[in-house]
Amino acid sequence: CAVSVTDVPPPHSIIRPGSPVPVNTNNPGVRKAARFGVYRYNNSSNDLFLFKESQIKKAMVQIVRGLKYMLHVEIRRTVCEKRDHSSLDSCHFQREKNLQQMLRCYFEVWITPWTHKVHIPVAHCH
């Protein structure tokens, strides 16, 4: 996938291991984690089109052997068809009324930067 785990910046050092804490939805780490969640959704959906995050509504992060992001994200159908394997950055949201679709998702994205691993134990969209 196009996102590198090593690009994810650590959250502020004031965060202690343990409980989840709110984090700004514009945080680059949050945005990357949301994109990982979207990849996971797209890989498991049988929609003809790719979806992309349109808004991150709420984000929490927990330090637990890496960074575990808990995200509430709205995703929308794009004009890019799955079989084209487009880069999501260049995919625009669907404009045709009857093809527009928005889903609300909850993603848990666990990133361990030192092992370059991303694990997504939870990806619920409705």
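Notes on the structure follow. Please read these numbers as outputs of a predicted model, since none were measured by experiment.

What counts and what doesn't
- Residues numbered from 1 in each chain as written.
- Predicted model: local features only at pLDDT ≥ 70, side-chain atom pairs only at ≥ 80, totals over all residues.
- Heavy atoms only, no water.
- Pairing = 2+ DSSP bridges.
- Helix = DSSP H or I, 4+ residues; strand = E, 2+ residues; numbered from the N terminus.
- Disulfide = S-S within 2.5 Å.
- Buried < 20%, exposed > 50% of the residue type's maximum accessible area, 1.4 Å probe, protein only.
- Expected span 1.5 Å × (residues − 1).
- Contact = heavy atoms within 4.5 Å.
- Polar contact = N/O pair within 3.5 Å; in protein donor to acceptor, adjacent residues only side chain to side chain.

This next bit is on the sheet that holds strand β1 (residues 21–22). The sheet built from 5 strands is open, its strands ordered β1-β2-β3-β4-β5 with antiparallel pairing. Taken across any chain shown, the strands that pair with only one partner, and hence form the sheet edges, are β1 and β5 (117–125).

Another aspect to go through is the state of the cysteines. Going through the model one piece at a time under the given rule, you end up with 2 disulfides. Between Cys80 and Cys91 runs a disulfide, and the two sulfur atoms are separated by 2.1 Å. Measuring handedness by torsion sign, the sulfur bridge of Cys80 and Cys91 sits at about -115 degrees and is left-handed. Of this pair, Cys80 sits in strand β3 (residues 67–81) while Cys91 is found in the loop between β3 and β4 (102–112), placing the two residues 11 residues apart along the sequence. Accessibility expressed as a relative area gives 10% for Cys80, which makes it buried. Classification of Cys91 by relative accessible area gives buried; the value is 1%.

A separate point is the pairing of strand β2 (residues 49–63). Judged from the 2 bridges that link them, β1 and β2 form a sheet pairing that is antiparallel. Counterpart to Val21 in the pairing with β2 is Val61. Of the pairings in the sheet, the one linking β2 to β3 comprises 12 bridges and is antiparallel in character. Bridging from a neighbouring strand, Ala59 pairs with Leu71 of β3. Adjacent in sequence and paired antiparallel, β2 and β3 are bridged by 3 residues, among which Arg65 carries a positive phi angle near 45 degrees.

Moving on: unusual backbone geometry. With the exception of glycine, the majority of residues adopt a negative phi angle, and the majority of peptide bonds are in the trans configuration. Not every positive phi belongs to a glycine, and Arg65 is a case in point at roughly 45 degrees. Mapped onto the secondary structure, Arg65 falls in the loop between β2 and β3. The phi angle at His116 is positive, at roughly 60 degrees, despite the residue not being glycine. Note on placement: His116 falls in the loop between β4 and β5.

The next point concerns helix α1 (residues 28–44). Here α1 is 17 residues long and its end C-alpha atoms lie 25 Å apart, about the 24 Å a rise of 1.5 Å per residue gives. When we look at burial in α1, the residues that qualify are Gly29, Val30, Ala33, Ala34, Arg35, Phe36, Gly37, Val38, Tyr39, Tyr41 and Asn42. For α1, the secondary structure elements touched by its buried residues are β2, β3, β4 and β5. Structurally, the start of α1 carries an N-cap: the backbone nitrogen of Gly29 is 2.6 Å from a side-chain oxygen of Asn27.

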